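Structural overview
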Amino acid sequence: MSSTRSLLLKLPTRSLLRFRCLRGMGLNPSGYGVLMFPSQAWLLTRPKVRFNSSSAALKHQSEIRDHGKASPIGFNSVRSMSTLESSAYKSSNDEERLEPLRGEIKVRGNVVQVGDKRVPNVWLRDNCQCASCVHTDTKQRLLDTFTIPRDISIQSSKVQAKGLDIEWNDGHKSSYKNDFLLRACSYPEQRSIVRQGSAKLIKWDASIASDPPRLQYQEPGSNPDFDKELMRRLRQYGFCYIDSTPFTDPNTTKTLLESIAFIRPTHYGGFYDFTADLASADTAYTNIALEAHTDNTYFSDPAGLQAFHLLSHTDGSGGASLLVDGFKVAQDLHAQDPAAYATLAQVNVNCHASGNDGISIQPYRGFPVLQHDPTTRHLLQVRWNSSDRASIDLPLPRVDEWYDAARKWDALLKKSENEYWEQLTPGRVLVFDNWRVMHGRSAFTGKRRICGAYINRDDWISKYKMLHHGRETVLDHLATG
Ligand SMILES: C[N+](C)(C)CCCC[C@H](N)C(=O)O
Ligand SMILES: O=C(O)CCC(=O)C(=O)O
Ligand SMILES: [Fe+2]
């Protein structure tokens, strides 16, 4: 049987523009998933970028091929690739503007079609949401995917106002909501929004000083609106102050931070409370100036949130705190020099934490300074700490490519209009997104005591998503997001 129905779904406008743009460049949009991880992924495999027949594109293609051959150890030139690919990167992960999309859901014989896209039966069957396929309490798949016959087919179907009902030839019955089917077919644009906990980002510079995001302390757990507002500010600005926090007992700060999500223990301990005494062998535990950096570049998964509460500073001065919006600086670099941006997005850098006896913490692989989602091309993470940098994953004769790009990045992040300086005071807790906002401090004298903690990225984003998208929406997007 076969029936049809027209539907509306929200789809990002910019994604459509981007689609056209890729076409205009001579790139086949179906190849663009590969555009995101070129240089490293291509060490062992041939480039999979696909082109249409435009001559400019073919010229690029042969350049890429020739590079692969010319290099005895198989590196493709980042420089020659980057101009082409830089336009594929998005220097922000703003929530996309959503526009309605007309789609038509129909069943043609044995095939579900959404617009001109075919929905594979095995995927539909595997993502049946009924109580025998998904555990109602744990939300985990109960269905043994590989018992689904490879050629599972549709026995009968019914296109209804709300969605599509299917009876499979193995006798199982499934129902799919229309927006689920439409979203599934809008790969990859529609996917990221809920999964990544996207928000309308507010990029900032030094002028944020006049009105920084802040909230008044409230007893943890006493007001759900506080949690929601804190999450919103952290997502949109990448930082938030919590003012009027009691500071006589650091445990108040600990409990406040634990109300976001559990604290991540590291080689510095769990909840930290530090002064310039080298208790841990790291420059943070001295009184020297620290340039803008992100913490934990030596972890495979750097902490998502970081917090500082200056409990006291006596017998001296200095020690002002510096914040720089890494996503804003990335946007500046993207506009100023797309090739440099692409270099920082592609070349992997290794880092280490080796100050303390018995450890040298290093990630299982190098990561680029600007880390993107390979599917959506959104910028997801900034990893930048010159003090903790180790090797650069380029053959030595080519490392100057990275240095040239990094020099441009460094110049932008040190521009005074990008630097937001603030003298922290007891009572003001600073919480910031360590995947976005870089921090530093000026040198100081006297006795300065700070407490705080690290919180995992996935845990705080989970909380953001629950409070802003809602549990139902988040779960609804699991198979399509
Ligand atoms: C925050 N706390 C004082 C505990 C540690 C500071 C560590 C700074 C270090 N270089 C890094 O990037 O992790
Ligand atoms: O002392 C400060 O203000 C910050 C030091 C620092 O960068 C850190 O602890 O991660
Ligand atoms: Fe730090």
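Summarised in this report is the structure supplied together with it. (Residues numbered from 1 in each chain as written. Chains lettered and ligands numbered in written order. Predicted model: local features only at pLDDT ≥ 70, side-chain atom pairs only at ≥ 80, totals over all residues. Heavy atoms only, no water.)

Thoughts on the site of ligand 1
Note the threshold: The nearness test applies per residue and asks whether one of its heavy atoms lies within 4 Å of the molecule or strand. In protein, a polar contact means a hydrogen-donor-capable atom and an acceptor-capable atom, both N or O and within 3.5 Å, with residues adjacent in sequence counting only if both atoms are side-chain atoms; elsewhere, any N or O pair within 3.5 Å suffices. Accessible areas in this description were obtained via Shrake-Rupley with a 1.4 Å probe; residue shielding takes into account the shown protein chains only. Residues are grouped as follows: Ala, Val, Leu, Ile, Met, Phe, Trp, Tyr, Cys and Pro are nonpolar; Asp, Glu, Lys and Arg are charged; all remaining types, including Gly, are polar.
Around ligand 1, a shell composed of 14 residues is seen, among which Asp282, Asn296, Tyr298, Asn385 and Asp388 lie nearest. Tyr298 is positioned with one of its side-chain polar atoms (N or O) 2.4 Å from an oxygen atom of ligand 1. Asn385 places a polar side-chain atom, nitrogen or oxygen, 3.2 Å from an oxygen atom of ligand 1. When ligand 1 sits alone it has 380 Å² of accessible area, and the protein chains cover 96% of it. For the shell around ligand 1, a count of residues per class yields seven nonpolar, four polar and three charged.

Regarding the nonpolar core
Worth spelling out the cut-off: Put simply, buried Ala, Val, Leu, Ile, Met, Phe, Trp, Tyr and Cys residues joined by side-chain atoms within 4.5 Å make one nonpolar core. Relative accessibility decides the category of a residue: with a 1.4 Å probe and only protein chains considered, values under 20% of the type maximum give buried, values over 50% give exposed, and everything between is partly exposed. Counting from the N terminus, the helices are the DSSP runs of H or I reaching at least four residues and the strands are the DSSP runs of E reaching at least two. We call two residues in contact whenever any of their non-hydrogen atoms come within 4.5 Å of each other.
Of all hydrophobic cores here, the largest spans 58 residues; its most connected members are Phe239, Leu344, Leu370, Trp384, Trp402 and Trp409. If you tally residues by element for this core, the top one is helix α11 (residues 399-413), at seven residues. Filtering out sequence-adjacent residues up to four positions away, Trp402 remains in contact with Thr343, Leu344, Val347, Val349, Val369, Trp384, Arg389, Ile392 and Leu394. In terms of nonpolar packing, the next biggest core, distinct from the first, is built from 23 residues, Ala199, Ile242, Ile260 and Ile461 among them.

Details of the sheet that holds strand β7 (residues 173-177)
What counts, and what does not: Two strands are counted as paired when DSSP detects at least two bridges linking them. Lines are fitted to the C-alpha atoms to define the axes, a helix being fitted only along its stretch in contact, and any angle between axes, read from their N-to-C directions, falls within 0 to 180 degrees.
Pairing in this open sheet of three strands is antiparallel, and the strands run β5-β6-β7 from one edge to the other. Edge strands, defined here as strands with exactly one partner in the open sheet, are β5 (154-159) and β7. Direction aside, the axes of adjacent strands within the sheet are offset by 20 degrees on average. Sheet topology places β5 next to strand β6 (residues 163-168); five bridges connect them, and they run antiparallel. Looking at β6, one finds that Ile154 is bridged to Trp168.

Quick word on the packing of aromatic side chains
For clarity, the threshold we go by: The rule is short: rings of Phe, Tyr and Trp, with Trp giving its six-membered ring, pair when the centres are within 6.5 Å, and they are stacked under 30 degrees, edge-to-face over 60, tilted in between. Criterion for a charge above a ring: Arg CZ or Lys NZ at most 6 Å from the ring centre, at most 35 degrees from the ring normal.
Taken as a whole and assessed by the stated rule, the structure comprises 18 aromatic pairs. Between the aromatic rings of Trp204 and Tyr420, the centroid separation amounts to 6.2 Å while the plane-to-plane angle is 85 degrees, which identifies the pairing as edge-to-face. One end of the pair, Trp204, is in the loop between α6 (192-195) and β8 (214-216); the other, Tyr420, is in strand β18 (residues 420-422), with 216 residues separating them in the sequence. The same class applies to Trp204 and to Tyr420, which are both buried. Residues Phe308 and Phe432 carry aromatic rings whose centres are separated by 5.7 Å and whose planes lie at 45 degrees to one another, so their mutual orientation is tilted. With a gap of 124 residues between them, Phe308 in strand β12 (residues 305-314) and Phe432 in strand β19 (residues 429-433) connect regions that are remote in the sequence. The buried category is assigned to Phe308, whose relative accessible area is 12%. In textbook terms, an aromatic cluster arises when at least three aromatic residues are bridged by ring pairs, as seen for Tyr268, Tyr272, Phe274, Tyr285, Phe308, Phe432 and Tyr454. Of note, Arg428 hangs over the ring of Tyr241, and the distance from its end group to the ring centre comes to 3.8 Å. Over the aromatic face of Phe444 sits the side chain of Arg448, whose NZ or CZ is 4.8 Å from the ring centroid.

What about α11?
Quick reminder of the rule: Given a helix with a known number of residues, its expected span is that number minus one, times 1.5 Å. By arc we mean the arc of the directions from the helix axis to the C-beta atoms, nothing more.
With 15 residues, α11 ought to run about 21 Å at 1.5 Å a step, and its terminal C-alpha atoms sit 21 Å apart, in line with that. All buried positions along α11 are accounted for by Val399, Glu401, Trp402, Ala405, Ala406, Trp409, Leu412 and Leu413. When α11 is viewed along its axis, its buried side chains cluster within an angular range of 150 degrees and face the same direction.

Observations regarding the coordination of the iron ion (ligand 3)
Rule in force here: Here a donor is an N, O or S atom found within 2.8 Å of the metal, or within 3.2 Å if the metal is Na, K or Ca; sites may look incomplete because water is not among the atoms.
Distances from the iron ion (ligand 3) to its protein donors, namely His293 (NE2), Asp295 (OD) and His439 (NE2), fall within the range 2.1 Å. Between the donor residues of the iron ion (ligand 3), the gaps in sequence give the motif H-x1-D-x143-H. Separated by 144 residues along the polypeptide, Asp295 in the loop between β11 (290-293) and β12 and His439 in strand β20 (residues 437-441) bring together distant segments of the chain. The exposure class of His439 is buried, given its relative accessible area of 5%.

Digging into the packing of helix α10 (residues 338-346) against α11
The cut-off we apply is this: Here is the rule for angles: anything less than 35 degrees is roughly parallel, anything more than 145 is roughly antiparallel, 65 through 115 is roughly perpendicular, and the remaining ranges are oblique. Should the near helix be turned anticlockwise from the far one by less than a right angle, the crossing is left-handed, and should it be turned clockwise, the crossing is right-handed.
Between α10 and α11, the least distance of the axes is 9 Å, while the angle of their chain directions is 110 degrees. Compared by their axis directions, α10 and α11 come out roughly perpendicular. When the axes of α10 and α11 are compared, the crossing they make is left-handed. Within the contact between the two elements, α10 uses Ala340, Thr343 and Leu344 and α11 uses Glu401, Trp402, Ala405, Ala406, Lys408 and Trp409. Here the residues of the contact of α10 with α11 sort into six nonpolar, one polar and two charged.

Comments concerning the environment of Arg448
With respect to the helices and strands, Arg448 occurs in strand β21 (residues 447-455). Between the alpha carbons of Arg448 and Gly318 there is a distance of 9.7 Å; along the sequence they are 130 residues apart. When near neighbours in sequence (up to four residues on either side) are disregarded, Arg448 contacts Phe274, Thr275, Ala276, Leu310, Ser312, His313, Gly319, Ser321 and Arg441. A polar contact of 3.3 Å, which involves the side chain of Arg448, links it to the backbone oxygen of Gly319.

Notes on the pattern of salt bridges
Under the convention used in this document: One side-chain nitrogen of Lys or Arg within 4 Å of one carboxyl oxygen of Asp or Glu is enough to make a salt bridge.
The final tally for this structure, using the stated rule, is 23 salt bridges. Lys415 is the partner of Glu417 in a salt bridge, and the nearest nitrogen-oxygen pair spans 3.6 Å. The exposure class assigned to Lys415 is partly exposed, which follows from its relative accessible area of 35%.

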